[in-house]
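Per-entry structural report
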Amino acid sequence: SGARAASRTSAASSAASTDSSLVFDPSSYTELTTSITDTTGTAHEVVYHFYKVASYVANPVDATYQSLNVSVPVKIDGSVVDASGAPILFANQVGGYMPSSVANATGIGAGGGMGPGGPGGPAPAADSAASRQQLALAAGYVVVEPGARGRSLVDSSGTYYGTAPAAIVDLKAAVRYVKFNKGRIPGNVDRIVSAGVSAGGALSSLLGASGDSPVYDSYLRELGAADASDAIFATGAWCPITDLEHADMAYEWNWGANLLSSGSVVDQTISKALSSAYGDYLASLRLTAKGFGTLTARNLDEYLVRTHLEPSATKYLAALSDADRATYLAANSFITWSGGRAAFSWADFLTHVGARKKDTPAFDAFDRSAPENNEFGTGTTADRHFTLYSLRHEEGASARLDSDIPAKLHLMNPMYHLVDRVNENRSKHWWIRLGTKDSDTALTVAGNLAARLKNLGDDVDTSYYWDAGHGADNDPGDFVTWIATVSG
Ligand code: DHB
């Protein structure tokens with residue numbers, strides 16, 4: 001349409017700010033020294049410059065969240081390092097679609113992974129493993145840690161100001177800030193590698209898929225985002241909780257037969273209705289995979305088992321001692337171990353995983369109590385339905401989604417930018433990880449994302465961690481190496 005064409009042509013220029021507050025000051029840092037133990041157990045003394053950027057937008061709504069920190073290594077184990085051309089790890093800290101702030105941080109984010117509240121939870125113990133950001137710093141990379149608004153933020157008038165699409169708009173604005181400061185900010189702004197876990201993994205994959213999409217322009221303009229691109233080079237996503245409007249269907253297709261941890265069975269009428277609707281959605285994606293042709297609700301289980309789950313178990317078992325492997329296999333007789341490879345059926349795998357984490361529907365809860373209902377809140381309405389299925393279950397067959405919901409779903413879904421549109425400014429390098437016992441969402445969500453990216457010809461490194469749960473990162477050192485490899 002004309003409106004779309006107009007917004008496209010204005011994307012690079014009039015949408016954007018060149019406000020002097022957005023100019024990064026290379027001399028404004030604190031020099032810090034820290035010890036970082038790498039994944040081989042070797043401790044490194046790292047001297048780094050720590051910069052606090054009060055806001056990455058000219059007109060912040062809430063700078064507590066719309067701020068970022070930059071860490072630049074200058075000396076590692078006594079040797080001077082020049083990070084001026086190094087890759088930039090852009091590590092968001094979002095968990096649960098909640099607000100995430102780095103405003104009070106006095107140094108690079110510490111280790112410990114997911115605290116009890118997710119990645120944004122309480123600080124981990126001092127002796128815990130190095131964080132992804134610390135590992136990147138010790139490898140000589142620049143690290144940017146952006147904050148972002150999140151769903152629970154509400155102002156004094158009762159208006160929600162961190163619900164969709166606030167978090168992705170903020171992360172894009174932060175990327176624009178970094179790119180706007182090319183030559184001032186240390187690091188190679190053409191080698192930005194995003195990382196995030198769970199909701200943060202969803203946002204990371206969305207950031208990667210939606211680079212320079214004009215559909216965010218009005219939001220970015222309102223914030224006074226910097227006059228620069230928001231396309232990133234590479235994307236890391238761990239257990240991405242994404243494709244939200246299809247996640248209830250996917251969840252029942254995947255976990256429909258699994259019991260809740262209470263031992264109770266979910267409503268099978270609801271579960272089966274959602275599960276059977278998943279087939280139509282999957283068909284609409286037209287995914288193909290080597291050895292399977294087009295993926296359908298009938299071959300998707302086999303695809304997951306052969307392509308992701310058996311290789312996951314194989315890798316896990318191959319790394320065990322003979323004695324430990326024998327013990328594991330004796331306790332898990334559903335696995336056939338032959339010729340150094342694991343084999344099993346989808347049905348046995350589901351039994352092995354055991355309890356599903358969520359009731360049905362998993363994301364658009366009938367009583368609007370799920371985090372995602374709040375993510376799609378607006379104005380003074382804390383939570384809304386975002387699928388016709390749940391809405392009509394509650395309000396009757398003629399109910400209609402609020403008119404802003406479809407566009408907001410697109411703003412939040414990487415698949416929109418990869419399937420409905422094919423965004424040529426997306427990341428072309430992808431690192432996708434998921435635990436095989438993670439029932440926070442369907443195992444198909446990351447799998448479909450990876451399959452689509454592969455179908456588009458992108459460089460996709462996908463691995464499922466055997467028996468790992470939500471938030472797992474079992475190969476952090478490999479990710480650091482991968483950054484160097486793809487950036488090279
Ligand atoms: C997260 C986990 C969920 O189960 C969910 O629905 C949304 C977000 C998280 O850990 O970020």
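Residues numbered from 1 in each chain as written. Predicted model: local features only at pLDDT ≥ 70, side-chain atom pairs only at ≥ 80, totals over all residues. Heavy atoms only, no water.

1. Points about the overall build of the protein chain
Threshold: Counting from the N terminus, the helices are DSSP H or I runs at least four residues long and the strands are E runs at least two residues long. This radius of gyration counts C-alpha atoms alone. The globule rule is 2.2 Å times how many residues there are, raised to the power 0.38. Each residue is placed in one exposure class: buried if its accessible area under a 1.4 Å probe, protein chains only, is under 20% of its type's maximum, exposed if it is over 50%, and partly exposed if it falls in between. Two residues qualify as a contact provided that any one of their heavy atoms is within 4.5 Å of a heavy atom in the partner residue. For the charge count, each Lys or Arg is scored as positive and each Asp or Glu as negative, with His and the chain ends excluded. To locate a charge, take atom NZ for lysine, CZ for arginine, CG for aspartate or CD for glutamate.
Of regular secondary structure, the protein chain possesses 16 helices and 14 strands. Scaling as 2.2 N^0.38, a compact globule of 488 residues should have a C-alpha radius of gyration of about 23 Å, and the protein chain matches this with 22 Å. Taking the principal axes of its C-alpha atoms as reference, the protein chain extends roughly 60 × 60 × 40 Å. Expressed as a percentage of the 488 residues in the protein chain, the buried residues total 55%. Restricting the contact set of the protein chain to residue pairs at least 6 apart, pairs at least 24 apart contribute 74%. For the protein chain, the distance from the average site of its 37 positive side-chain charges to the average site of its 51 negative ones is 6 Å.

2. Some remarks on the site of the ligand
Going by this rule: One heavy atom suffices: a residue is near a molecule or strand as soon as one of its heavy atoms comes within 4 Å of it. Polar contacts, as counted here, are pairs of nitrogen or oxygen atoms within 3.5 Å of one another; within protein the pair requires one atom able to donate a hydrogen and one able to accept it, and residues that are adjacent in sequence qualify only if both atoms are side-chain atoms. Per-residue and other accessible areas follow the Shrake-Rupley method at a 1.4 Å probe size, with only the shown protein chains counted as cover for residues. Just so you know the grouping, Ala, Val, Leu, Ile, Met, Phe, Trp, Tyr, Cys and Pro go in nonpolar, Asp, Glu, Lys and Arg go in charged, and all remaining residues, Gly too, go in polar.
All residues adjacent to the ligand are G95, G96, S198, A199, I241, K358, F363, E372, D440 and H470. Contact between the ligand and E372: an oxygen atom at 2.6 Å from a side-chain N or O atom of the residue. Here an oxygen atom of the ligand and a side-chain polar atom of D440 are 2.6 Å apart. Relative to its unbound accessible area of 290 Å², the ligand is 89% covered by the protein chains. Here the shell around the ligand is built from residues that sort into 3 nonpolar, 4 polar and 3 charged.

3. Overview of helix α4 (residues 199-209)
Of all the 11 residues making up α4, 11 are buried; the element is thus mostly covered by neighbouring parts of the structure. Within the sequence span of α4, burial applies to A199, G200, G201, A202, L203, S204, S205, L206, L207, G208 and A209.

4. A word on the pairing of strand β14 (residues 459-465)
Filter applied, for reference: A pair of strands is labelled paired if DSSP reports no fewer than 2 bridges between them. Throughout, right-handed denotes a crossover for which the path from the first strand over the helix to the second runs clockwise when the strands point away from the viewer.
Pairing geometry for strand β13 (residues 429-435) and β14, over 7 bridges, is parallel. In the strand pairing of β14, W430 is matched with V460. In the classification by handedness, the crossover that spans β13, the intervening helix α15 (residues 443-455) and the parallel β14 is right-handed.

5. Some thoughts on the pattern of salt bridges
Quick note on the threshold: A carboxyl oxygen of Asp or Glu within 4 Å of a side-chain nitrogen of Lys or Arg is what we treat as a salt bridge.
Evaluated as defined, the whole model comprises 19 salt bridges. The shortest N-O distance in the salt bridge between D404 and R384 comes to 2.8 Å. With D404 in the loop between α12 (388-395) and α13 (405-412) and R384 in the loop between α11 (371-375) and α12, this pair connects stretches of sequence that are 20 residues apart. Owing to a relative accessible area of 23%, D404 belongs among the partly exposed residues under this scheme. Residue D458 is joined to R426 by a salt bridge in which the shortest nitrogen-to-oxygen separation is 2.7 Å. Residue D458 is located in the loop between α15 and β14, and its partner R426 is located in the loop between α14 (414-420) and β13; the two are separated by 32 residues in the primary sequence. You'll find D458 and R426 in the same group, each marked buried. Connected through shared salt-bridge partners, K172, R176, D217 and D230 make up one network.

6. Things to note about the packing of helix α6 (residues 244-255) against helix α7 (residues 268-285)
Filter applied, for reference: Only C-alpha atoms enter the line fits that serve as axes; for helices the fit covers just the stretch in contact. Angles between N-to-C directions range over 0 to 180 degrees. Between 65 and 115 degrees an angle is taken as roughly perpendicular, under 35 as roughly parallel, over 145 as roughly antiparallel, and anywhere else as oblique.
At a minimum axis separation of 7 Å, α6 and α7 run at an interaxial angle of 110°. By the angle between their axes, α6 is roughly perpendicular relative to α7. For the pair formed by α6 and α7, the contact residues are H246, D248, M249, A250, E252 and W253 on the first element and S271, L274, S275, A277, Y278 and Y281 on the second. Residue composition of the contact of α6 with α7, by class: 7 nonpolar, 3 polar and 2 charged.

7. Section: the confidence of the model for the protein chain
The condition is simple: As a per-residue quantity, pLDDT reports the predictor's confidence and falls between 0 and 100.
Averaged over all residues, the pLDDT of the protein chain equals 94, while 94% of them reach at least 70. Here residues 1-14 scores under 50 on pLDDT; set against residues more than four positions off or in separate chains, the count is 13 contacts. Between residues 113-126, whose pLDDT stays under 50, and residues either more than four places distant or in other chains, the model counts 14 contacts. Two summary scores accompany this predicted model of the complex, namely pTM at 0.95 and ipTM at 0.99.

8. Overview of the side chain of S271
The topology assignment puts S271 in helix α7. In this structure, S271 is in contact with E252, G256, V266 and T360, ignoring residues within four places of it in sequence.

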